[in-house]
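As a plain string of letters, each chain reads:
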Amino acid sequence: SPLHWKLVKINLPPPETLDPSLTPRQAEILDRAIEVVAAEGLGSFTLKQVAERVGFTEAAIYRHFPDKRALVLALVDRLGRLLVEPAAAPPADPSGPPRERLEAVVRHHVSLLTGTGGLPILLFAEGLVAGDEAIMARLRETLRSYLALLAGLLAEIDPGPAPPAIQRAILLLGLPAALGLQQRALPELTLRREEIETLIAQFLRALTTPSLTETAP
């Protein structure tokens, strides 16, 4: 039976602000679909459940999305935009230290994962198990865009040739992913916000500070 997850509410921008092609009703459906998939899993959720959350009949869903697969693909796109576009937005002070900008990006990533019950991780896992290439292609596209963003900031911090910034960027997926998994699988170990902030600072310090042997004369 699926793990029943109580979705943690976070302040997400309206879907239509990230994808102007969405109608307000489609935007509402996507937000309710995120809640249902987070609770039931990608394979177990139904359009009827989404319709009930929106407040109309299952048949009405088909006026906005032709089938469940179309809804899932739109949901994947929504989560991808939520991850990449706010993180890629120009900072208020572009001259600010790259470490601070990197920390803000990772903090946003952590908030998205913990605020949706680790839903992006769930989508990756279920997409791999199902062998759904359309879903995986969109998830990979999001991941590549996000890694490129992280790599650019890491290159500003340390432009050294080895290891390449794109490889170091992969490590930055670790803490957000771990916190998302912990919140979903081990909710009794959920951290307080200040503990998460401390972890983020320590994690980035460990990944972006040269070792003593590298800095020794």
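Placed above this text is the structure.
Being a predicted model, the structure only gives us computed values, none of them experimental.

(A) Main features of the packing of aromatic side chains. Scanning the model with the defined rule gives zero aromatic pairs in all. Directly above the aromatic system of phenylalanine 45 lies the positively charged group of lysine 68, at a separation of 4.6 Å from the ring centroid.

(B) Quick peek at the side chain of glutamine 26. Checked against the element boundaries, glutamine 26 lands in helix α2 (residues 24–40). Judged by its relative accessible area of 15%, glutamine 26 is buried. From its side chain, glutamine 26 meets the backbone oxygen of histidine 64 in a polar contact 2.9 Å long. Leave out the neighbours within four places in its chain, and glutamine 26 touches Ser21, His64 and Phe65.

(C) Quick peek at the nonpolar core. Among the nonpolar cores identified, the biggest contains 53 residues, and Phe45, Val50, Leu71, Leu75, Leu102, Leu123 and Leu150 are the most heavily contacted of them. Ranked by the residues each element gives to this core, the list is headed by helix α5 (residues 68–88), at eleven residues.

Cut-offs and rules
Residues numbered from 1 in each chain as written. Predicted model: local features only at pLDDT ≥ 70, side-chain atom pairs only at ≥ 80, totals over all residues. Heavy atoms only, no water. Phe/Tyr/Trp six-rings, centres within 6.5 Å; stacked < 30°, edge-to-face > 60°. Lys NZ or Arg CZ within 6 Å of the ring centre and 35° of its normal. Helix = DSSP H or I, 4+ residues; strand = E, 2+ residues; numbered from the N terminus. Buried < 20%, exposed > 50% of the residue type's maximum accessible area, 1.4 Å probe, protein only. Polar contact = N/O pair within 3.5 Å; in protein donor to acceptor, adjacent residues only side chain to side chain. Contact = heavy atoms within 4.5 Å. Core = buried A, V, L, I, M, F, W, Y, C linked by side-chain atoms within 4.5 Å.

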